[in-house]
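Structural overview
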Amino acid sequence: MISLIIPIYNEESLIDELIERSIKVLSEISDHFEIIFIDDGSQDGSMKKLLQHRDKEKRIKILSLSRNFGHQAALTAGLEYVKGDYIAMMDGDLQDPPELIKEMYEKLKTRKYDVINGKRILRKENIRRRMLIYIFHKLFKRLSGLKEIENIGNFSMLNRNALNGLLALKEKIRYLPGLRSFVGFSQGNIEYVREKRKNGKPKMNIWKLWALGSDAIFSFSKTPLRICLFLGLFGIVVFLLAGIYVLIAKIFGFALLGWSFTLLSIYFFGSIQLTFLGVLGEYVFRTYKESQNRPLYLVKEFYDD
Ligand code: UDP
Ligand code: MG
């Protein structure tokens, strides 16, 4: 059985095409499939539309969450409800072409791979977004040390084995592309062009992208803490050298250093300390979130057989 999960947050205008194309490609693979839509607290007519489609096609299932929990939580919810042996995940805005699922499945079926990731070779989005995403991917690859992670997002397909691995990771701060890479197994890629969003505004605005990016970096890397430590040590060396200089200046009677130097060093060390506290805070905040152990999402209703 094949499962496809698609998170939906106010995508009313796209659902018809999304369903048509998804069913077409899945039917080419097998009649035995399910599509689970995760309604992430949509406020538009998405839910109504999904229910109408479900009336006609029972292989469409809907997992309705109690409110908006965010993209990564919605995907995780879907992954926990699928029954298939091969599981695909995809965005609901048609930026990821559903037709590629067939190629992914064919690669998985050879049993050479357990996970197939969609790798974007081109993005047809606006320049600012593309630039930010480019910087993030370069940085994340460097900091996380994960292999084969650059330009890989949520669009992917995995077999049951790999999914069980992914579901075993219970952390609440979730960056799925990173976690999926972390579980290992044999991973392959399929290259594709990430289309423009078919309709509607991106639901992930710059701030949500920022939050996702920092979740990814701080949950996969201790390098930011290391940098603080090294800069701190460097600061101590500078401080010692300055101390020696002042001492020598005093002994040999050079002109005394003026107030500007004192002021600047206060500002300098003050701001470094604040930055470090901020970095530390990012980790402490995430530790706190994990220890609260709140559920990642709550289900209002599951429309299933
Ligand atoms: N989405 C969601 N919950 C959210 C934000 C987005 O379920 O809080 C869904 C959205 O409907 C879409 C997918 O996640 O199907 C990706 O969202 P979007 O296209 O806005 O993100 P981007 O393309 O910027 O990654
Ligand atoms: Mg999108």
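Since the model is a prediction, treat every value here as computed from it, not as a measurement.

Remarks on the coordination of the magnesium ion (ligand 2)
Within the protein, the atoms that donate to the magnesium ion (ligand 2) are Asp 93 (OD) and Gln 95 (OE1), at distances of 1.8 to 2.0 Å. When sorted by exposure, Asp 93 lands in the same class as Gln 95, which is buried.

Section: the pairing of strand β5 (residues 115-123)
The element β5 is largely enclosed, with a buried count of seven among its nine residues. Taken together, the four bridges between β5 and strand β6 (residues 152-159) define a ladder with antiparallel strand orientation. When the bridges of β6 are listed, Val 115 appears paired with Leu 158.

As for the site of ligand 1
Near ligand 1, the surroundings consist of 19 residues, among which Glu 11, Asp 40, Asp 93, Arg 129 and Lys 203 are the closest. Within the contact set of ligand 1, an oxygen atom lies 3.0 Å away from a side-chain nitrogen or oxygen of Asn 68. Separating an oxygen atom of ligand 1 from a side-chain N or O atom of Lys 208 is a distance of 3.3 Å. Expressed as a share of its isolated accessible area of 520 Å², the protein-covered part of ligand 1 is 95%. Looking at the shell around ligand 1 residue by residue, the class counts come to five nonpolar, five polar and nine charged.

Some details on the packing of aromatic side chains
Throughout the structure, instances matching the rule amount to eight aromatic pairs. Taken together, a centroid distance of 5.8 Å and an interplanar angle of 80° make the contact between Phe 136 and Tyr 175 edge-to-face. One end of the pair, Phe 136, is in helix α5 (residues 127-144); the other, Tyr 175, is in the loop between α6 (160-168) and α7 (176-183), with 39 residues separating them in the sequence. Classification of Tyr 175 by relative accessible area gives buried; the value is 5%. The interplanar angle of 80° and the centroid separation of 5.2 Å between the aromatic rings of Phe 140 and Tyr 175 together place this pair among those described as edge-to-face. With Phe 140 in helix α5 and Tyr 175 in the loop between α6 and α7, the pair connects residues that are 35 residues apart, well separated along the chain.

Brief notes about α5
With 18 residues, α5 extends 25 Å between its outermost C-alpha atoms, agreeing within 8% with the 26 Å of an ideal straight helix rising 1.5 Å per residue. Every buried residue of α5 is accounted for by Arg 129, Ile 133, Phe 136, His 137, Phe 140 and Ser 144. Down the axis of α5, the sector holding all buried residues measures 100°, keeping them to one side. In α5, the exposed residues that point more than 90 degrees away from the buried face are Ile 127, Arg 128, Met 131 and Arg 142. Packed against the buried residues of α5 are β5, β6, α7 and α8 (206-220). The opening residue of α5, the one whose side-chain oxygen lies 3.1 Å from the backbone nitrogen of Arg 128, is Asn 126. Residue Gly 145 follows α5 closely and has a positive phi angle near 70°.

Topic: the nonpolar core
In terms of nonpolar packing, the biggest core is built from 35 residues, with Ile 5, Leu 65, Leu 79, Phe 140 and Leu 166 touching the most fellow members. Looking at this core, the elements with two or more residues in it are β2 (33-39), β3 (60-65), α3 (71-81), β4 (86-89), α5, α6, α7 and α8. The element best represented in this core is α3, accounting for five residues. For Leu 65, the contacting residues outside a window of four places in its chain are Ile 38, Asp 39, Asp 40, Gly 41, Ala 74, Ala 77, Tyr 297, Leu 298, Val 299 and Lys 300. In this structure, Ile 23, Val 25, Leu 100 and Met 157 belong to the second largest nonpolar core, which totals 33 residues.

Re the environment of Lys 58
Examined against the element boundaries, Lys 58 turns out to sit in the loop between α2 (46-56) and β3. For the pair formed by Lys 58 and Asn 68, sequence separation is 10 residues and the distance between their alpha carbons is 25 Å.

What to know about the packing of helix α1 (residues 15-29) against α2
Their axes nearest at 10 Å, the elements α1 and α2 cross at an angle of 35°. Considering the relative orientation of α1 and α2, their crossing is right-handed. For the pair formed by α1 and α2, the contact residues are Ile 15, Asp 16 and Ile 19 on the first element and Ser 46, Lys 49, Leu 50 and His 53 on the second. The class makeup of the residues in the contact of α1 with α2 is three nonpolar, two polar and two charged.

So, unusual backbone geometry
Glycine aside, a negative phi is what most residues show, and trans is what most peptide bonds show. One non-glycine residue with positive phi stands out, namely Asn 151, at about 65°. Counting through the fold element by element, Asn 151 comes out in the loop between α5 and β6. For Phe 185, which is not glycine, the phi dihedral falls at a positive 60°. Mapped onto the elements, Phe 185 comes out in the loop between α7 and β7 (187-194).

As for the environment of Ser 22
Structurally, the position occupied by Ser 22 is in helix α1. Residue classification places Ser 22 among the buried residues on the basis of a relative accessible area of 0%. Among the polar contacts listed, one links the side chain of Ser 22 to the backbone oxygen of Leu 18, at a separation of 2.6 Å.

What counts and what doesn't
The residue numbering used here restarts from 1 in each chain and proceeds along that chain's sequence as written. As a convention, the first chain written is A and the first ligand written is 1, with the rest following in written order. Totals for whole chains, interfaces and linings use all residues, but because this is a predicted model, local features are given only for residues with pLDDT of at least 70 and pairs of side-chain atoms are given and counted only at 80 or more. Think of the side-chain values as coming from all heavy atoms in the structure, minus any hydrogens and water. The donor definition counts N, O and S atoms within 2.8 Å of each metal and applies 3.2 Å to Na, K and Ca; water is not among these atoms, so some sites may look incomplete. To sort residues, take the accessible area from a 1.4 Å probe on protein chains only and compare it with the maximum for the residue type: under 20% means buried, over 50% means exposed, and anything in between is partly exposed. Each helix is a run of H or I in the DSSP string that is no shorter than four residues. Each strand is a run of E no shorter than two, and both are numbered from the N terminus. Here, any two strands with at least 2 DSSP bridges between them count as paired. In this text, near means that some heavy atom of the residue lies within 4 Å of the molecule or strand in question. By the criterion applied in these results, polar contacts are pairs of N or O atoms within 3.5 Å in which, for protein atoms, one can donate a hydrogen and the other can accept it, and in which residues neighboring in sequence qualify only through two side-chain atoms. All accessible areas in this document rest on Shrake-Rupley with a 1.4 Å probe, and a residue is counted as covered only by the protein chains that are shown. Think of it as three bins: nonpolar holds Ala, Val, Leu, Ile, Met, Phe, Trp, Tyr, Cys and Pro, charged holds Asp, Glu, Lys and Arg, and polar takes everything else, Gly as well. Pairing of aromatic rings covers Phe, Tyr and Trp, the last through its six-membered ring, and needs centres within 6.5 Å; plane angles under 30 degrees mean stacked, over 60 mean edge-to-face, and all others mean tilted. A helix is expected to span 1.5 Å multiplied by its residue count minus one. This arc is built from the directions going out from the helix axis to the C-beta atoms. Contacts between residues were defined by any pair of non-hydrogen atoms, one from each residue, lying within 4.5 Å. We define a nonpolar core as any set of buried Ala, Val, Leu, Ile, Met, Phe, Trp, Tyr and Cys residues linked to one another through side-chain atoms lying within 4.5 Å. An axis is simply a line fitted to the C-alpha atoms; with a helix, the fit covers only the stretch in contact. Between two such axes, the angle follows the N-to-C directions and lies from 0 to 180 degrees. Definitions for this section: a left-handed crossing has its near helix turned counterclockwise from the far helix by less than a right angle. A right-handed crossing has that turn clockwise.

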